[in-house]
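# Report on the structure
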Amino acid sequence: MSFPMNVSVEYAIAALERELKQPDAREVSLPEAYGLTLARDLSALVDHPSLDDSALDGIACRVEDTLNASPESPTLLELVGEVAAGSVFSSRVKPGEAVRIYTGAPVPDGANGIIPVEKLEFVGNGVKVFQPARASDIRERGSDFERGQIGLTRGTLLNSSTLALCAAMGHPRVPTFRPLRIALLSTGDEIYEPGEDLPPGGVYNSNRYGLEAKIRSLGHQAIILPRTVDRVEELESALSSVGEVDLLLTSGGVSMGKYDLVRDLLIERGEVKFWKVALRPGGPAMLGRWNNLPVFGLPGNPVSSLLVFEIIVKSALYKLLERKDAPHRILKARATTPFKSVPDKRAYWRAKLEFENGHPTVSDFVDQRSSVLRSMVENNALVVVEAGQKVEAGNEVEVIWL
Ligand code: AMP
Ligand code: MG
């Protein structure tokens, strides 16, 4: 059987995206939409503001009546009423008249300027004004957005700002991509759940919890399968009973060892789209299918599984939902320590990103073994080193800010 091996990170991302089906759109309420992705362009149902309104508390009047007003020689206007946000002033402002107005209140007909309360003195049923009224303190109808205008486009992440805009545009519900159902299968004789007694040689299942959190943080649904031991029959029956999901992520069992059965099963009885990616850590990653089910095999080492998810799986999921924002914050920083390169592979070293007087610097975390989860916890960045690239202290490097 032949399949691509040692593919690039970009190839792996594109191949995974190809195996996945873009989920359908469904309408959900705004609170439910938090963290999901907009599935269609969204246009405004109303003008905002809905009328010309005041940007501040003060009076509305005619600019031409106040042109000569100054602190030394104020102009006196007659106060004929008031208008607050949510109501509309019923008559027209005539020459020499003013209406008390509050932020967000519609500007009465006849008025074309605002004077802030700080520049006024109320006297009986009149008001002294110490500066000319300004038209620029009127927020024009539709100046934020007009009815019918597209305010948010398909692929937008629904977060606090964008949800607020959905509401401002008048939408109680919005079309979102259905969250993907992503099943997680941990494999390995040595794997136990936290809370269980750990026999000698046992390892607590950290991948499951790290990956589940990553899936949920992307707005998708994690379906946790019981972990399987390294026996072909058990793994095969686990794969065959996964049920309706969009993607199966396995952890462990894709490396070069005798007990790496996910790899064996996919090669012998499934379908392999690629095996091994030219990155470190995480090189053994695999993509295949088990009947109709796309299967992405993550390496078992805790750092590798989280990192391959972050770099490959997350990027593919962003593309699948046509996300407008980038999956990673990438910047250039000055290395304060050397970083190794790896022959024929792109390395992602765990590192500490700091800002010295606003300038980003990045330093190596000493223990880069892919079994050392602390390297993910005590660091906040990945330094990207291409094969053959020499990074000495003082060089500029590309950094992913986690
Ligand atoms: P494997 O990829 O199955 O060869 O596993 C590589 C290393 O990762 C071994 O040291 C495993 O014990 C460890 N490992 C595999 N799965 C997990 C898991 N779910 N949680 C923590 N460590 C794991
Ligand atoms: Mg294993």
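Because the structure is predicted, anything quoted here is derived from the model rather than measured. (Residues numbered from 1 in each chain as written. Chains lettered and ligands numbered in written order. Predicted model: local features only at pLDDT ≥ 70, side-chain atom pairs only at ≥ 80, totals over all residues. Heavy atoms only, no water.)

### Observations regarding the packing of helix H1 (residues 9–19) against helix H7 (residues 302–320)
Heads up, the condition is: Every axis in this analysis is a line fitted to C-alpha atoms, fitted for helices over the stretch in contact. Angles between the N-to-C directions lie between 0 and 180 degrees. Going along the chain from the N terminus, every DSSP run of H or I of four or more residues is numbered as a helix, and every run of E of two or more is numbered as a strand. Any angle between 65 and 115 degrees counts as roughly perpendicular, while under 35 counts as roughly parallel, over 145 as roughly antiparallel, and the rest as oblique. Left-handed is the label given to a crossing in which the near helix is rotated counterclockwise from the far helix by less than a right angle, and right-handed is the label when the rotation is clockwise. Contacts were defined at the residue level, with two residues in contact if any of their heavy atoms lie within 4.5 Å. In this classification, Asp, Glu, Lys and Arg are treated as charged, Ala, Val, Leu, Ile, Met, Phe, Trp, Tyr, Cys and Pro as nonpolar, and every other residue, Gly included, as polar.
At a closest axis distance of 8 Å, the pairing of H1 and H7 adopts a crossing angle of 50 degrees. Taken together, the axes of H1 and H7 lie oblique to each other. Like other packed secondary-structure pairs, H1 and H7 cross with a definite hand, here right-handed. Contacts between H1 and H7 involve Val9, Ala12, Ile13, Leu16 and Glu17 from the former and Ile311, Ile312, Val313, Ser315, Ala316, Lys319 and Leu320 from the latter. Tallied by class, the residues present in the contact of H1 with H7 amount to nine nonpolar, one polar and two charged.

### Thoughts on the nonpolar core
Spelled out, the test is: Among the buried residues, those of types Ala, Val, Leu, Ile, Met, Phe, Trp, Tyr and Cys that are joined through side-chain atoms within 4.5 Å form a nonpolar core. Only protein chains enter the calculation, and the probe is 1.4 Å; a residue is then buried if its accessible area is under 20% of its type maximum, exposed if over 50%, and partly exposed in between. Here the limits of each domain have been adopted from an automatic or database domain assignment.
Within the largest apolar cluster, 43 residues are counted, with the highest numbers of intra-cluster contacts made by Leu249, Val277, Phe296, Ile312 and Tyr348. Listed by contribution, the elements that provide at least two residues to this core are H1, strand S14 (181–186), helix H4 (206–217), strand S18 (247–251), strand S19 (271–277), strand S22 (293–298), H7 and strand S26 (381–385). With twelve residues, the top contributor of residues to this core is H7. Taken domain by domain, the makeup of this core includes at least three residues from each of domain 1 (5–23 + 179–320) and domain 4 (329–401). With residues up to four places along the chain from it excluded, the contact list for Ile312 reads Val9, Ala12, Ile13, Leu16, Val277 and Phe296.

### Observations regarding the site of ligand 1
Rules: Near, as used in this document, describes a residue that has one of its heavy atoms within 4 Å of the molecule or strand being considered. The term polar contact refers here to a pair of N or O atoms within 3.5 Å; inside protein, the definition further demands a hydrogen-donor-capable atom paired with an acceptor-capable atom, and it admits residues adjacent in sequence only when both atoms are side-chain atoms. Here the open area of atoms and residues is found with the Shrake-Rupley method and a 1.4 Å probe, where only the protein chains shown may cover a residue. Here a cavity means grid points, on a 1 Å grid over the protein atoms only, where a 1.4 Å probe fits yet cannot get out; a pocket means an open set of points with protein on both sides within 12 Å along at least five of seven lines; lining residues are those with an atom within 4 Å of a point. A pocket or cavity is taken to hold a molecule when more than half of that molecule's atoms are within 2 Å of the pocket's grid points.
In the vicinity of ligand 1 lie 14 residues, with Glu190, Asn205, Gly253, Gly300 and Asn301 positioned nearest. Contact between ligand 1 and Glu190: an oxygen atom at 2.6 Å from a side-chain N or O atom of the residue. Between Asn207 and ligand 1, the recorded distance is 3.4 Å, taken from a backbone N or O atom to a nitrogen atom. For ligand 1, whose accessible area on its own is 480 Å², the fraction buried by protein is 78%. The cavity where ligand 1 resides is the largest pocket. Within the residue set of the shell around ligand 1, elements represented by two or more residues are strand S16 (203–204) and H4. For the shell around ligand 1, a count of residues per class yields four nonpolar, eight polar and two charged.

### Side note on the domain arrangement of the protein chain
Counted only if it meets this: In this description, buried area is defined as the sum, over both parts, of the accessible area (probe of 1.4 Å) that is lost when the two are combined. We define a salt bridge as a side-chain nitrogen of Lys or Arg found within 4 Å of a carboxyl oxygen belonging to Asp or Glu.
By the assigned domains, the protein chain splits into domain 1 (5–23 + 179–320), domain 2 (26–44 + 152–177), domain 3 (53–139) and domain 4 (329–401). If you average the C-alpha positions of domain 1 and of domain 2, the two centres end up 31 Å apart. Of the roughly 390 Å² buried between domain 1 and domain 2 on both sides combined, carbon and sulfur atoms contribute 57%. The three residues of domain 1 that bury the most area against domain 2 are Gln22, Pro23 and Pro179, which together make up 78% of that side's buried surface. There are zero salt bridges connecting domain 1 and domain 2. On the surface where domain 1 and domain 2 come into contact, there are one residue pair in polar contact (both at pLDDT 80 or more). Class assignment of the residues belonging to the side of domain 1 that touches domain 2 gives a composition of three nonpolar, two polar and no charged.

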